[in-house]
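# Architecture and fold: a report
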2 protein chains.
Amino acid sequence: MALIVKKFGGTSVGSIERIEAVADLVIRSKQQGHQVVVVLSAMSGETNRLVSLAKQIDDRPSARELDVLLTTGEQVSIALLAMAIIKRGHSAVSLLADQIAIRTDNMFGKARIEHIDVERLKQELEHNRITIIAGFQGRDSEGNLTTLGRGGTDTSAVEIAAAISADECQIYTDVDGVYTTDPRVEPRAQRMSQVTFEEMLELASLGAKVLQIRAVEAAGRHNMPLRVLSTFNPDSGTLISYEEPEVTCKTVSGIAYQKDESLLIIRQVPEIPSSLAKILTLLAEYDIEIDMISQINHQAGKIDYALTVHSSEYPQAFDVLTTNRDDLQAASIEGNAEVVKISAVGVGMKSHSGTAGVFFQALAAENIQALLVSTSEIKISVLVEERYLELAVRALHGAFGLENVE
Amino acid sequence: MALIVKKFGGTSVGSIERIEAVADLVIRSKQQGHQVVVVLSAMSGETNRLVSLAKQIDDRPSARELDVLLTTGEQVSIALLAMAIIKRGHSAVSLLADQIAIRTDNMFGKARIEHIDVERLKQELEHNRITIIAGFQGRDSEGNLTTLGRGGTDTSAVEIAAAISADECQIYTDVDGVYTTDPRVEPRAQRMSQVTFEEMLELASLGAKVLQIRAVEAAGRHNMPLRVLSTFNPDSGTLISYEEPEVTCKTVSGIAYQKDESLLIIRQVPEIPSSLAKILTLLAEYDIEIDMISQINHQAGKIDYALTVHSSEYPQAFDVLTTNRDDLQAASIEGNAEVVKISAVGVGMKSHSGTAGVFFQALAAENIQALLVSTSEIKISVLVEERYLELAVRALHGAFGLENVE
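In this text, all values refer to a predicted model and were calculated from it rather than measured experimentally.

## Considering the interface of chain B and chain A
- Taken together, the contact pairs 43 residues of chain B with 43 residues of chain A.
- Summing the contributions of chain B and of chain A, the shared interface buries around 3300 Å²; its carbon and sulfur component is 61%.
- The largest share of the area that chain B buries against chain A comes from B:I57, B:E65 and B:M83, three residues that together contribute 22% of it.
- Joining chain B to chain A, the criterion identifies 4 salt bridges.
- The tally of links from chain B across to chain A stands at 16 residue pairs in polar contact (both at pLDDT 80 or more).

Below you can see the structure in the form of structure tokens.
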């Protein structure tokens, strides 16, 4: 008998039929002898519907009141699932954030969980009830409703699993696991049976949108095994844990890509430490986040900086830099929104030299020029022109032998 | 400066436009120097939408979970109204039942308010914020969500008004007050500027569906002046209080009618005390409620009982009595669903004799036969054939001079 937390996303509870399918799935797990805690998102489309109501009133609605509005979405799902399980003759109870004291900070719209009081939850499990908890939400120290931001239900599930020392936290979604790359780009992509937290963090932040990155971080911090599975075709999925796959001859586990990056180049600023500081401070004033960053010293006393920002912030970033070109003492500001970041990720890199060689040879063989490079212990990323996306992903997937993952 | 609780029903917050109109109305009241607490229902149609989701899962959904589901309706309204007020530059905060500790018993779907902790509410008012509270909901002693039943938002408003010693509780609805009778039946019906709690209780229970009867009871118990006004055309409306109108020369304030009553007659049962007890116990076993009741002793040792039940329970009541006719020692069971109850209500009756005379003369002049009669201190009710409804209402409205209310 295991204690399992199961999280279902919006698509998995998107209609009455799907909620009933989830009820059946949860009951099967219970009948196999497990204790089951369920964490739910809002029905798909519901959060958007609510946001659109708010936007009709105010383009920038009060953050506190937006959270009051949005938390109703999960409340609807948990009540309906509880009804469906009870209808099938099993004992179930739905619980809101305040009923198990999910305490967060007071950052409305992007709150972080600080504490969960598991007493009530443990009582319900002792009474042998299937316990269904509203994800995505919490209460601050003054009792105000908060939300954890989009995708926050993954985080709720992990934090709840950690608080009750669950054996596993299972994230049900509309894909059946984590793949070596996007199967829409490379049909030979393989599902990984296992991946480490570190790898998953790099894969998630790079665009493998299976799991919310904060949830993976939280799972890693609590050492809580995470499993990604499909609601519609449940099998073993992909397990994410600290353990490295037993037979690991791969240096690279997967190839990720991120489309919504844009490139900015600030040409020929004075080669003094304050130059970069000035650029970053300026962008920070406008809340523009920077991802990749690199520099080329190409003539005496002058330096070029290249950096990437999220595409949604690219027009503003370009404006800000252009307006302040004189102050930055830059010769020119250049930009390119038609770029994509491609990354190879794998814990195997740590112990294998030559990974970078294989990486750049594969790109070179296709005549793909890297515009920017960034590396970490378990990741190599390059920025390339967007038209090379599919070609580069397939070349790298092949070069690292990922179509043959067991 | 007064402390006012304003309650808006589903139609008043039925769309974004209407929510914005309510925001303007509330702000105007604030600008006149009042402290304002707002209590809201769910947007019209929302509660029905949620109930229909639940019914798709289970015809008789878990009562606890149905309350978890339904309370989301008011949560949506309060968040949207708070946003609209904040957008207009005023300070507002929405609060759920648990945030001002609206404590109820644990009768899911029809809970009663036991206690309200007004500390938080008073704090918000001291900070000069317009405070917007979700009606219809509470929490039981274990923190479970409860609802007060359909129309319960009126009750929430009255109980909150009483808890904070408000000067007045204003119920905004889609009619502009309480009328001397239904204007659809008698176009000469007049709006009353004032009516007493006792009169309103009789009028409400008899079908003047402006206010929920439990809310009127609660207002009377707390001596909280209630005012009914129109959201769409706000003027002074009708004030309901203990004070009798100053210049009251009327014995009767209004004529009410109730269509969904049905008549049952149990003929010639033994004239012993246990006969009626037997009939009532039998109907109670099937949860059938009785409204009017009367008896005619028309031959030695035998008695006829006539009683009315709600039309929705009439077929079952008729079946139950017919099946048990032998046991009741009744000669026959007769029934008539084509009847209507018409009542004249007025505190003036207490001090005026002759009211009944005027009442029955008016009916006699139209040749309308009463099938059943029932009276109280401030009310005379008759059951008549349904086809006489309009004629009887107009005859009584005229006989008591109600078209001339100031």
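Having put the structure on the table, let's press on.
## Digging into the pairing of strand β17 (residues 372-376) of chain A
Residue and element names in this part refer to chain A.
- Examined bridge by bridge, β17 and strand β18 (residues 379-385) share 5 bridges and lie antiparallel to one another. Pairing of T375 across the sheet is with I380, part of β18.
- The hairpin turn running from β17 into β18, its antiparallel successor, is 2 residues long.

## Thoughts on the nonpolar core
- Formed by 46 residues in total, the largest nonpolar core has its most connected members in B:V5, B:I133, B:I160, B:C169 and B:L211.
- In contact with B:I133, other than residues within four places in its own chain, are B:V37, B:V38, B:V39, B:L40, B:I78, B:L95, B:I100, B:I102, B:L121 and B:I160.
- Counting 44 residues, the second-largest nonpolar core is a separate cluster that includes A:I100, A:L125, A:M200 and A:V210.

## Side note on the pattern of salt bridges
- Under the counting rule described, the total for this entry stands at 44 salt bridges over all chains.
- Here A:D182 ties to A:R184 by a salt bridge, and the two come within 2.9 Å at their closest N and O atoms.
- A relative accessible area of 13% means that A:D182 is categorised as buried.
- Taking the relative accessible area as the measure of exposure, A:R184 reaches 75% and is therefore exposed.
- Notably, a salt bridge pairs B:E124 with B:R120, separated by 2.9 Å at the nearest N-O pair.

## Describing helix α5 (residues 152-163) of chain A
All names here are of chain A.
- Its 12 residues place the ends of α5 16 Å apart at the C-alpha level, agreeing with the 16 Å of an ideal helix rising 1.5 Å per residue.
- Of all 12 residues in α5, 10 are buried; the element is thus mostly enclosed.
- Among all positions in α5, only G152, T153, D154, T155, S156, A157, V158, E159, I160 and A161 are buried.
- Looking one or two places after α5, you find S165, whose phi comes out positive at around 50°.

## Some details on the packing of α5(A) against helix α7 (residues 213-222) of chain A
Residues and elements named next belong to chain A.
- Two elements in contact, α5 and α7, have axes whose closest approach is 8 Å; the angle formed by their N-to-C orientations is 15°. In this view, α5 runs roughly parallel relative to α7, as classed from their interaxial angle. Pair α5 / α7 crosses with left-handed handedness. Judged by residue contacts, D154, T155, V158, E159 and A162 of α5 engage R214, A215, A218, A219, R221 and H222 from α7.
- Each residue belonging to the contact of α5 with α7 can be placed in one class, and the counts come to 5 nonpolar, 2 polar and 4 charged.

## Observations regarding empty space enclosed by the protein
- With the rule as written, the count across this model stands at 3 cavities of 30 Å³ or more.
- Lining the largest cavity, in full, are A:T71, A:Q75, A:L96, A:A97, A:D98, A:Q137, A:G138, A:R139, A:L145, B:Q75, B:L96 and B:R139.
- Among the elements of the structure, α3 (63-87) and β7 (137-139) of chain A are those that each provide at least two residues to the lining of the largest cavity.
- Ranked by the residues each element gives to the lining of the largest cavity, the list is headed by β7(A), at 3 residues.
- Looking at side-chain class alone, the lining of the largest cavity contains 4 nonpolar, 5 polar and 3 charged residues.
- Taken as a whole, the second largest cavity spans an internal volume of roughly 50 Å³.
- If you go around the second largest cavity, the residues you meet are A:Q75, A:L96, B:T71, B:Q75, B:L96, B:A97, B:D98, B:Q137, B:R139 and B:L145.

## Brief notes about the relation of the copies chain B and chain A
- For the pair chain B and chain A, the superposition axis carries a translation of 0.2 Å, the fit reaches an RMSD of 0.4 Å, and the rotation angle comes to 179°. Considering both components of the superposition, the chain copies are consistent with a two-fold axis. Closest approach to the rotation axis within chain B is made by the C-alpha atom of B:T72, at a distance of 2.4 Å.

## Focus: the sheet that holds strand β13 (residues 254-270) of chain A
All names here are of chain A.
- If you trace the 6 strands from one edge of the open sheet to the other, you get β14-β15-β13-β16-β18-β17, paired in antiparallel fashion. Among the strands making up the open sheet, the edge pair consists of β14 (290-299) and β17. Here the average twist between neighbouring strands, direction ignored, is 30°.
- As judged from the 11 bridges shared by β13 and strand β16 (residues 332-345), these two strands associate in the antiparallel manner. When the bridges of β16 are listed, Y257 appears paired with I342.
- In the packing of helix α8 (residues 273-285) onto the sheet, contacts are made with β13, β14 and β15 (302-310), and the angle to β15 comes to roughly 25°.
- Its contacts with the sheet place helix α11 (residues 355-365) against β16, β17 and β18, and it is angled at close to 15° to β18.

About the criteria used
- Residues numbered from 1 in each chain as written.
- Chains lettered and ligands numbered in written order.
- Predicted model: local features only at pLDDT ≥ 70, side-chain atom pairs only at ≥ 80, totals over all residues.
- Heavy atoms only, no water.
- Contact = heavy atoms within 4.5 Å.
- Buried area = accessible area lost by both parts, 1.4 Å probe.
- Salt bridge = Lys/Arg side-chain N within 4 Å of Asp/Glu carboxyl O.
- Polar contact = N/O pair within 3.5 Å; in protein donor to acceptor, adjacent residues only side chain to side chain.
- Pairing = 2+ DSSP bridges.
- Helix = DSSP H or I, 4+ residues; strand = E, 2+ residues; numbered from the N terminus.
- Core = buried A, V, L, I, M, F, W, Y, C linked by side-chain atoms within 4.5 Å.
- Buried < 20%, exposed > 50% of the residue type's maximum accessible area, 1.4 Å probe, protein only.
- Expected span 1.5 Å × (residues − 1).
- Axes fitted to C-alpha atoms, helices over the stretch in contact; angles between N-to-C directions.
- Parallel < 35°, antiparallel > 145°, perpendicular 65-115°, else oblique.
- Left-handed = near helix turned anticlockwise from the far one by under 90°.
- Nonpolar A, V, L, I, M, F, W, Y, C, P; charged D, E, K, R; others polar.
- 1 Å grid on protein atoms, 1.4 Å probe; cavity = no way out; pocket = protein on both sides within 12 Å on 5 of 7 lines; lining within 4 Å.
- Points joined across faces, edges and corners; volume = space filled by probe spheres on them.
- Least-squares fit on C-alpha atoms with pLDDT ≥ 70 in both.

The quantities given are spatial measurements derived from coordinates; they are silent on function.
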